[in-house]
Amino acid sequence: MADDDTTSFDQIELHKENIQPLASGRSARALVASLSSRSNPVLARAEHAAKQAEFEEELRGSLDLDDPLEVWVRYVSWTQETFPSGHSTDSGLLQLLERATQTFIHEQHYKNDPRYLRLWIQYIQNFSDAPREAFAYLARHDIGQRLALFYEEYAALLEKMGRKRQAGEIYQTGMENNARPTDRLLRKFEEYMQRLEHDPPAGDEPSSPALPAIRPALAAKPFGGGLSSGGLGTSPATQQQPQAPQPKPKQAKQKMAIFSDADAAPSSKAPNTIEKPTSGWENIGTLEQRKKENTIEARPWAGEVLKQEGVKAKSAEKMMIFRDESSLPKQNVPHVQQNVLPTSLPSNKRPERVAVNLELIYADEENPTEELSFDELRAIKRGQYGIDWNRIREEQAEEARERRRKNTHRGEVAEESRTPIKVKTVLSPSPNRGKIKRKGQAPASPTMTFHTRAATDEIYDIFNQPMKKTSMTGEDRDEDRKESGPEGGDGEDDDEDAGSVKSEWSDFTLRRDVPPRDSEEEEEEEVEGSPEVESAKAGFEKLAIHQDEPKAGGRTAIHRDEPSDEEPDLPSRPAPHKILIPSPPDDFDPPRLPYHAAKETQFQGQSRLPYMTPIAEKTESLPPTTARRKDVAKTPSRSRMPDIVDDNLMSSPFEESTNNSVFPPPLVPSQPAPSAAPARVPKERRPFSARPVAAARAKEATQKGPIIQDLQCNPMDESLRANIFDKLQPPLKTYEGFYEHTTKFGRGAEIKRFTKAMSKRDGEKTTANISQAPIVEFVTGDGGSSYTIKRELGKGAFAPVYLVENNIVADAEDEAEEAGPDDENAADLLSLNKKIIGRARFEAMKMEHPPSPWEFYIMRQAHRRLGVSRPVESILKAHEMHLFTDEGYLLLEYRDQGTILDLVNIARAEVGTGTNTGVMDEQLVMFLSIELLRTVEAMHSKGLLHGDLKADNCLIRFENTPDNTWSARYRRDGSNGWFKKGITLIDFGRGIDMKLFQPTVQFIADWKTDNQDCAEMRELRPWTYQVDYFGLAAIIHSMLFGKYIETTADRGNILGGGTKKYKITSSFKRYWQTEIWSSMFDVLLNPLQYVMDEESTCMPVSKSVRKCREEMEAWLEANCEKGVGLKNLIRRMEGVLGKRR
Amino acid sequence: MSQPANQFELSSPPEDVISSLTFSPNNPSRLLVSSWDKNVHLYDTNAGLNGSKLTAFPHAASVLDCCFGETDGSVFSAGLDWQVQQLDPETGKGNTLATHESAVKSICYNTETKSLLSGSWDQSIKQIDPRSPESTGSHAQPHKIFSLSTISHKLVVAMSSRSVYLYDLRNMSSPWQRRESSLKFMTRTVRCMPNAQGYASSSIEGRVAVEFFDPSDESQKRKYAFKCHRSTEGGVDVIYPVNALAFHPIYGTFASGGGDGVVSLWDGMAKRRLRQYQRYPASIAGLSFSNNGKHLAIGTSSGFEDGNDDGVCPPESVKIIVRELQEGEGKGKGQS
């Protein structure tokens, strides 16, 4: 404030938002005074309280005054001045006005006092929740009926509410009542009439009288509907006096008098209403009273039930998008799986949490009843679990020759959980011994067909029963036969003996890339082998077949081997071992024996924990058919594996492929002549590839064209896939980066434990254990590779995916960093190391068990067939595949930007913020749809199906682009930086290579289907490309609508049903490009109806799909800069996705 | 509440998690403690101010359980090395009595039959006569054995999958009774009542059940379970495992020790809690009353029991506290 005379408007300026406007205006000086007093709120409050007390005191004595209203008016105006922000707990303006107005409601001489009316109007304008009723109430109480102000205010209110006719009525009533100042009222009425001319009342506005006339029949009912509270229904008016003094037209009075109490009706009838003008409406009630239904009355708490918030939260979760986290098995698990116990039943209890980590205790998701005690967990954590103490002691005893061991059970084996395990592919010296023993005790279920609890228990029994040394011989043979059973199903007519030999040989896998052997084996072989020509031949054949077979590792059997073992009874030992021992390739060091032995025991130790490694983590897509599972377990049809073609293929798998021309097989009448292949067999492989191979080949030679001849089949069938791998040319093992190991790896459980612990720890701050991250090392012919597990990225339906650090790349990078840019060596390190070309420090590793190289195959095929093209960017790269007998490890490119599902969810999460509607912006959807369509179209043109397209299988690929290299305008050809934005398809585990099948093949799905499967699957009709088209439709639907696709079938108008036409049930937003979208969905959902547009008149309907895509591209090019603009949308998503990491 | 004055910490505690501790049935100051530090420790709780360690018996692997035999001169242990050993406190040497096919989780000595019972994760129990270990009988069970307790002729075998078998030691060929635990979660410990009427079992989910041997309906009606070892943390009831139970040899009341570090004293007959002691800083790993009922040994060590996923145990959390019970402390309601 400058000085006393001028008023500082700065002060007002600062607070102007907080000043409630008054009709009469405000004194700037008073405002400043009150506002400046805020500088010391405590003091100010005390002052205010004192002043208020003063007023209250005055009020108490006011009844003696001539004009008690004057005190109220002063009080109110002081309050308004002092508290410019209007009503607050401090000012109490509301209560003050209520008190003031109620006090004089029956005071005749104030009824037409403008000051009193003004108080009312202030109250009504500022606080009343039903101003119209309040005015009616005033009319009823005859307050302000002679004042123009009343009619003006009421009419203005009604006019504002759009009740123009009623407003006119009020003006007229006012004029009839001679309200003063009459002229002003008249003037206002004229203004009103003018307004009315410009904007005549709408036809539908209420025409009831503004002040309803009395209707005796309804008299008992509340007036105006909104007045149910108040003092309705109280006894008839007692104190209300007729208003003698005011000369009022009776007519008008009647109009005002609205209520007639039912009881009073007989005596008072219509003319009497003057005497009881307010009967039935004594009191309009304070605001608080009027809202009393909204406040909860205080009651004793006994027996009360409080609703829980948690329950509500559940229903609020509208998220319907399915997150595929293979949480399904968990739900089958009894209550114990959740750490927080169900709290819904005793709703008045606090939520409970079990301090113990139940997930650790019930570690085996597949078998919830199997539990691990704390001590077991600790032993496992410390790597002391499953150590074969008998064996250790035995060794000790033998070494030191101090103690005599009296009981040499064979049994459990060491596990060192923390040290990285080097995988050496080793020949198992005696493949059948331990296995057969175990099998011998397993009643009737050697292949673990169903993973039921009973099955697990059985295995448990197997593992936990004390060894019975003598349980061998005939029984074991039986088991072997059983095991080899499915072989027959593959069309082989080996006799049983051959079968049993075969299954034994399946463990005795010899492989070219790692065929070490050690002296011990040789000795053993010599001791035990006594060749027989017949079985040798069979053995050869099996061997040749089996050698590069992906081992599906379903075997629960473990080799048990004791170095000191001299057991005499090894009955069904196949004879021909000795002959079969190949000479190892020159470039391999035979593993040193002690190491080898130790490592092998480790693997055995791992498999000692069957409950930690669920034997088969099967996707729901694979029905538990016995046949298939058996096949998984024992790698069927090994006799069809052709021999490897050439050594060179190892490094460049596809060079030869044109010669072999397996791809595309349908065009090729027959495979290369069987005689051609043996010629190419490398020298060192001669020993095996002799006649038996040729014999096997001869069988194969009958195969022509596509590998699979069936015209209808389940493309996911394991035996079918195995069959494919058998006959693949060139064989899978020649693919670069594909390594097959004959050993078990057995690290799955450990990795799972680690990542589980990691995810737990994420919530906390501790990172103590990170140093113990498991390092996975793969030993291969070219030096091997090593990866450090970082964390779990996701659990696919098939297998968990982990983020790993490629240690080779990491080392190289670190070294290069240390060396500095000048160092030539550093550059060499980075550039010359072939292993790190195209590799990144962080990669994804998919762990599968049982392992299958299928996904690897499809991904490699996709990359190969698409060559260097734009679509290939949208297909994830598979770097390496390590196939063990128990687990498979697929090394993949790592993209950290999340999936389309994440985008959908991000959009959903933004509902209600700003203009966001909870779904993705159409431009962005269009853009991603184009990317999807292009990629799938390209794959289809190369005969590849993805088979499992869904939003969470599409990673976002928004590569980093500097702003200047990326135009705001969308370019369909990918130029100006647009090619760097797109998607990447992952999870090809259900992929289908159409070139392996007859052109007219049809697939059937025998798994359980849901709404997310295409119509053909749901209706058990055969399908091919439909699966991907429907997948595309589902993804685009979830992007557009933020929810799962739902379709309806429409048979059209044709009687008897024409072709079914599928439509989505959701309807497009009006402003979307409905034509584009609907034609696209039509194509994707009803592809068969478009086949006639194709040149080939058969699937895929690439032409129609392309047409849709081109329409979309054209639209996007034209409209990408509207609104926020596509580029900005993508930038924003990049930001959001980046933040989530 | 308790006064810290009437309890003391034993000097030189084990270096790693305590797996079990037990007072000698013959000498109120002999305390045997087995630990994950691969040792069995024998203490004299009366010696000096804070007791003293008499012997430590080294083992090849972590020891999971220990107990006294007929006399203080025969001590038994069992652990991760699959073996059941008899230890000689004089020489500190061990003598293997039996070998299981997996780690031996629990052992107990039955004075009636003078035999040692051992239960292992290999799903078997062995009945061993320490004087002639050759005549060991092995009895297959359907599940991993988690806890054993014996009194008079009875043996209670608590297994995984909430299975509880009762045996009559005179006829081990088949279980006397097959029961399912009254508790919904994994059984942690069973202990028999000194009066041989029944047993108490505890679960990892903060509950203790009291059951009776007598299979008659009338007797079975008396069984009950109650919640304990829970605490409210931030509006959530955290439920701790009940790791240890010990019956008072004279009054028949029992103590329970939980993952929350709390030891409570219960009157199983009156279904009342008698005492709850001050919370110890780490999870209770073992409890034992001395034979005269004057002392309660409490072993604490942190680990899985208190929700620690690592199973790592900070050495400072490993403590053995011997609590001197006041006159009448531990006496049940209405007992004279």
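None of these values were measured; they are calculated from a predicted model.

Calculation rules
- Residues numbered from 1 in each chain as written.
- Chains lettered and ligands numbered in written order.
- Predicted model: local features only at pLDDT ≥ 70, side-chain atom pairs only at ≥ 80, totals over all residues.
- Helix = DSSP H or I, 4+ residues; strand = E, 2+ residues; numbered from the N terminus.
- Buried ≥ 20, exposed ≤ 12 C-beta atoms within 10 Å, placed from the backbone.
- Contact = placed C-beta atoms within 7 Å.
- Axes fitted to C-alpha atoms, helices over the stretch in contact; angles between N-to-C directions.
- Parallel < 35°, antiparallel > 145°, perpendicular 65-115°, else oblique.
- Left-handed = near helix turned anticlockwise from the far one by under 90°.
- Nonpolar A, V, L, I, M, F, W, Y, C, P; charged D, E, K, R; others polar.
- Pairing = 2+ DSSP bridges.
- UniProt positions renumbered as here; feature names shortened; annotations may be inferred.
- pLDDT = per-residue confidence, 0-100.
- Core = buried A, V, L, I, M, F, W, Y, C linked by C-beta atoms within 7 Å.

### Let's talk about the overall build of chain A
A tally of regular secondary structure across chain A gives 43 helices and 16 strands. Counting only residues that meet the buried cut, chain A has 43% of its 1141 residues in that class. Counted over contacts in chain A with a minimum sequence separation of 6, partners at least 24 positions apart contribute 75%.

### Quick word on the overall build of chain B
Across its full length, chain B holds 1 helix and 30 strands. Expressed as a percentage of its 336 residues, the buried residues of chain B come to 57%. Excluding contacts between residues fewer than 6 apart, the proportion of contacts in chain B whose partners are at least 24 apart in sequence is 47%.

### With respect to the packing of helix H8 (residues 148–160) of chain A against helix H10 (residues 182–198) of chain A
Residue and element names in this part refer to chain A. Two elements in contact, H8 and H10, have axes separated by 9 Å at closest approach and are oriented at 15°. With respect to each other, H8 and H10 are oriented roughly parallel. Here H8 and H10 pass one another in a crossing that is left-handed. On H10, the residues that touch Ala148, Tyr151, Glu152, Ala155 and Glu159 of H8 are Thr182, Arg184, Leu185, Lys188 and Tyr192. Split by residue class, the contact of H8 with H10 holds 5 nonpolar, 1 polar and 4 charged.

### Some points on the sheet that holds strand S6 (residues 800–806) of chain A
Residues and elements named next belong to chain A. With mixed pairing, the 7 strands of this open sheet are ordered in space as S3-S8-S9-S7-S6-S5-S4. Each having just a single partner strand, strand S3 (738–740) and strand S4 (775–778) make up the two edges of the open sheet. On average, each strand axis in the sheet is inclined to that of its neighbour by 30°, with strand direction left out of account. As paired elements, S4 and strand S5 (residues 785–795) share 4 bridges and run antiparallel to each other. The partner of Val776 across the bridge, within S5, is Tyr787. Helix-sheet contacts for helix H36 (residues 854–866) involve S3, strand S8 (878–883) and strand S9 (888–893), and the interaxial angle to S8 is about 155°.

### What about helix H7 (residues 131–140) of chain A?
Burial analysis of H7 of chain A places 8 of its 10 residues in the buried class, which makes it a mostly covered element. By the burial criterion, the buried members of H7 of chain A are Glu133, Ala134, Phe135, Ala136, Tyr137, Leu138, Ala139 and Arg140 of chain A.

### Concerning the UniProt feature "repeat: WD" (unreviewed entry) in chain B
Taking the numbering used here, the UniProt-annotated feature "repeat: WD" (unreviewed entry) corresponds to residues 97–138 and 242–267 of chain B. Annotated as residues 242–267 of chain B, this span is 0% helix and 62% strand, and its ends, taken at the C-alpha atoms, are 16 Å apart.

### Let's talk about the environment of Phe254 of chain B
Residue and element names in this part refer to chain B. Residue position: Phe254 is located in strand S25 (residues 254–258). Distance in space between the C-alpha atoms of Phe254 and Pro194 is 10.0 Å, their sequence separation being 60 residues. Apart from residues no more than four positions distant in its own chain, Phe254 is found in contact with Arg191, Ala200, Leu245, Ala246, Phe247, His248, Trp266 and Gly268.

### Observations concerning the environment of Ile930 of chain A
Residue and element names in this part refer to chain A. Of note, Ile930 is situated in helix H38 (residues 922–941). Look at Ile930 and you get buried, because 22 C-beta atoms sit within 10 Å. Once the C-alpha coordinates of Ile930 and Met1112 are considered, the two residues, 182 residues apart in sequence, prove to be 7.0 Å apart.

### Considering unusual backbone geometry
Trans is the prevailing form of peptide bonds, just as negative phi is the prevailing case for residues other than glycine. The omega torsion of the bond from Arg180 of chain A to Pro181 of chain A falls at -5°, within 30 degrees of zero and hence cis. Note that Pro181 of chain A resides in the loop between helix H9 (164–176) and H10. You will see that Asp987 of chain A, though not glycine, has its phi angle at about 60°, which is positive. With respect to the secondary-structure elements, Asp987 of chain A resides in the loop between strand S12 (981–985) and strand S13 (992–993). Using a count of 27 C-beta atoms within 10 Å as the deciding quantity, one classes Asp987 of chain A as buried. Non-glycine residue Lys114 of chain B carries a positive phi angle of around 50°. Here Lys114 of chain B shows up in the loop between strand S10 (104–110) and strand S11 (115–120). Accessibility expressed as a C-beta count within 10 Å gives 12 for Lys114 of chain B, which makes it exposed.

### Notes on the sheet that holds strand S22 (residues 230–233) of chain B
The strand order across the open sheet formed by 3 strands is S1(A)-S23(B)-S22(B), and the pairing between neighbours is mixed. Sheet topology places strand S1 (352–354) of chain A together with S22 of chain B at the edges, where each strand pairs with a single neighbour. Here the strands of the sheet are splayed against their neighbours by 30° on average, with no regard to which way each runs.

### Quick notes on the pairing of S25 of chain B
Residues and elements named next belong to chain B. Within S25, 5 of the 5 residues are buried, leaving the element largely enclosed by the surrounding structure. Side chains Phe254, Ser256 and Gly258 project from S25 onto one buried face, and the interleaved Ala255 and Gly257 project onto a second face that is buried too. The pairing of strand S24 (residues 242–247) with S25 spans 5 bridges and is antiparallel. Along S25, the bridge assignment pairs Ala244 with Gly257. Hairpin geometry of S24 and S25 is characterised by an intervening segment of 6 residues between the two adjacent antiparallel strands and by a positive phi of about 75° at Gly252.

### Some remarks on the packing of H8 of chain A against H9 of chain A
Residue and element names in this part refer to chain A. At a minimum axis separation of 8 Å, H8 and H9 run at an interaxial angle of 175°. Here H9 runs roughly antiparallel to H8, going by the angle between their axes. Residues Ala148, Tyr151, Tyr154, Ala155, Leu158 and Glu159 of H8 form the contact with H9, whose own contacting residues are Lys164, Gln166, Ala167, Ile170, Tyr171, Thr173 and Gly174.

### With respect to the confidence of the model for chain B
Chain-level pLDDT for chain B is 88 on average; 95% of the residues reach the 70-or-more range. Interface scoring of the predicted complex returns ipTM 0.90; its pTM is 0.38.

### Considering the nonpolar core
Judged by nonpolar contacts, the single largest core of 115 residues is most densely connected at Met845, Ile900, Leu1032, Ala1033, Ile1035, Met1039 and Leu1084 of chain A. Judged by nonpolar contacts, the second largest core, of 105 residues, contains Ile380 of chain A together with Phe57, Ala103 and Leu325 of chain B.

### Let's talk about the confidence of the model for chain A
Residue and element names in this part refer to chain A. For chain A, per-residue confidence averages 65 on the pLDDT scale, and 54% of positions sit at 70 or higher. Counting interchain partners and residues more than four positions distant, the pLDDT-below-50 stretch residues 311–316 has 1 contact. Note on residues 405–450: pLDDT is under 50 here. Beyond four places in sequence and across chains, it has 158 contacts.

### Brief notes about the pairing of strand S16 (residues 163–168) of chain B
Residue and element names in this part refer to chain B. Direction of pairing for strand S15 (residues 154–159) relative to S16: antiparallel, over a ladder of 5 bridges. Looking across to S16, one finds that Lys154 is bridged to Asp168. If you look at the hairpin formed by S15 and S16, you'll find 3 residues sitting between the two strands, and Ser161 has a positive phi there, around 60°. Two strands pair when backbone bridges link them, and S16 and strand S17 (residues 177–180) are joined in this way by 4 bridges, in the antiparallel orientation.

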